[in-house]
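Examining the three-dimensional arrangement
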Amino acid sequence: MRNVLENKLWFYVHVLSLDICLGVLGSGALAAVVTGAKMKTVWWLLLPLSVWVIYTLDHLLDGKKVGENSINPRHKFHYDHSKILTILCTIAAIVSAVLAFLLLREIVLLGGVLLAALAVLHLGIARWGKIRFGKEFSVALIYTLGVWFGPLLVVGFRSWTIPLLLFLFFLGTVLNLVMNSLMEAELDAKEGQVYLLGVLSPKLAKEWVLRLSLLGFLAALVLAGGIRKWAPGTSVSASLVIALICAVPGGILRYADKFQDSQKYRILGEGVFILGLIPWFLNSY
């Protein structure tokens, strides 16, 4: 009975992108620690809310495109419950816009408008369906900018380590999305949802993920080891979390057989971003 309840809970957390929302809070905390920015409470509310809107819209569009015969749980769920999810998504989008206009600083608001434009462009291209290549990269770019733009606009680049850690975070995000595409390649192919793997063979994509995952992990690890000497004041724990964000996609693909028949790779892949809350708590208390 307990396993049934746990599986059902995870199902709703996953299909409703609530795991992504928790992950973006961890990512936001990580960005705040690395940059040293003190963000308003409303920013912490807008992060998961706006991300939920974007992901829900994306799944609604995919669900509508594939239809009632979808075999992807997320697409099928969003197709079956499209009316209520569309209403909730619209309300969440309006609340996000109102909060942003009323409570955010002007410079952060301008950054948010730019990101909203990028998100609309991405969703428009996804709806069009003519361009298959690059969805992993566009989603990673929007996600990374959405998380880091606010803190960077508030405080700027205070240290040379910030752009390096920002790049490694973006790299880990791209690798995470490519890993998901590889793990779900067969499922996506049946629905015609082929993106990066329509250009690169699964074997080649996996090889590149393994190489870049190891490279990103080692780079962040070396930085963490020497950060107190090279850049005093930069968080060691934040560097270690970014090292894990880079390492996890490669680790999952390296042992793909152990994850293939379960959703554990999703839990691990999204869960590693939540770890960004740890440096934030350590830095706050």
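Up top is the structure.
Residues numbered from 1 in each chain as written. Predicted model: local features only at pLDDT ≥ 70, side-chain atom pairs only at ≥ 80, totals over all residues. Heavy atoms only, no water.

1. Things to note about the overall build of the chain
Stated precisely, the cut-off is as follows: Numbering of helices and strands runs from the N terminus; a helix is a DSSP stretch of H or I covering at least four residues, while a strand is a stretch of E covering at least two. Burial classification: accessible surface area is computed with a 1.4 Å probe over protein chains only, and a residue below 20% of its type maximum counts as buried, one above 50% as exposed, and the rest as partly exposed. Here, residues are in contact when the closest pair of their heavy atoms is within 4.5 Å.
On a plain count of helices and strands, the chain comes out with 14 helices and 0 strands. Secondary structure of the chain in N-to-C order comes out as α-α-α-α-α-α-α-α-α-α-α-α-α-α. By the burial criterion, 47% of the 285 residues in the chain qualify as buried. Of the contacts formed within the chain by residues at least 6 apart in sequence, a portion of 78% connects residues at least 24 apart.

2. What about helix α4 (residues 73-80)?
An α-helix turns once per 3.6 residues; consequently, residues spaced three or four apart project the same way. The condition that has to hold: The arc refers to the directions leading from the helix axis to the C-beta atoms.
For α4, the complete set of buried residues consists of Arg74, His75, Phe77 and His78. Projected down its long axis, α4 carries its buried residues within an arc of 165°, all on one side.

3. A few points about the pattern of salt bridges
To be explicit about the condition: Salt bridge, as used here: a side-chain nitrogen of Lys or Arg that lies within 4 Å of a carboxyl oxygen of Asp or Glu.
For the coordinates displayed, the defined rule picks out 3 salt bridges. Put simply, Glu207 and Arg211 hold a salt bridge, and the shortest N to O gap is 3.9 Å. Taken as a pair, Glu207 and Arg211 lie in helix α10 (residues 202-230) at a separation of 4 residues, close to a single helical turn. Owing to a relative accessible area of 47%, Arg211 belongs among the partly exposed residues under this scheme. Of the charged contacts in the structure, one is a salt bridge between Glu270 and Arg266, with a shortest N-O distance of 3.9 Å. One end of the pair, Glu270, and the other, Arg266, are both in helix α13 (residues 264-274), 4 residues apart, so they sit about a helical turn from each other. Given a relative accessible area of 8%, Glu270 falls into the buried group.

4. Focus on the nonpolar core
Put simply, the test is: Grouping buried Ala, Val, Leu, Ile, Met, Phe, Trp, Tyr and Cys residues that are joined through side-chain atoms within 4.5 Å yields what is termed a nonpolar core.
Leu30, Tyr143, Trp148, Phe169, Met183, Ile245 and Ile252 are the most contacted members of the largest nonpolar core, which has 54 residues in total. Taken together, the elements giving at least two residues each to this core come down to α2 (18-35), α3 (41-66), α7 (135-155), α8 (161-183), α10, α11 (236-254), α12 (256-259) and α13. Beyond its immediate chain neighbours, meaning those up to four positions away, Ile252 contacts Met179, Met183, Phe259, Tyr265, Leu268 and Gly269. Counting 5 residues, the second-largest nonpolar core is a separate cluster that includes Cys21, Trp52, Val53 and Cys89.

5. Digging into the environment of Gly172
Summarising the element assignment, Gly172 is placed in helix α8. The spatial distance from the C-alpha of Gly172 to the C-alpha of Gly250 is 9.7 Å, given a sequence separation of 78 residues. Setting aside anything within four residues of it in sequence, one finds Gly172 in contact with Ile245, Cys246 and Pro249.

6. Description of the packing of aromatic side chains
We count it as follows: When two rings of Phe, Tyr or Trp (its six-membered ring) have centres within 6.5 Å they constitute a pair, described as stacked for plane angles under 30 degrees, edge-to-face for angles over 60, and tilted for the intermediate range. Placement of a positive charge over a ring is assigned whenever Lys NZ or Arg CZ falls within 6 Å of the ring centre and within 35 degrees of the normal to the ring plane.
If you walk through the whole model with that rule in mind, you get 10 aromatic pairs. Seen in terms of ring centroids, Phe11 and Tyr12 are 5.3 Å apart; in terms of plane orientation they differ by 75°. Their pairing is edge-to-face. Through a chain of ring-to-ring contacts, the aromatic side chains of Trp43, Trp44, Trp280 and Phe281 assemble into a single cluster. The ring of Trp208 is capped by Arg211, whose NZ or CZ atom sits 5.3 Å from the centre of that ring. Directly above the ring of Tyr255 sits Arg254, whose terminal nitrogen or CZ lies 5.2 Å from the centroid.

In short, the description is geometric, and any link to function would need to be established separately.
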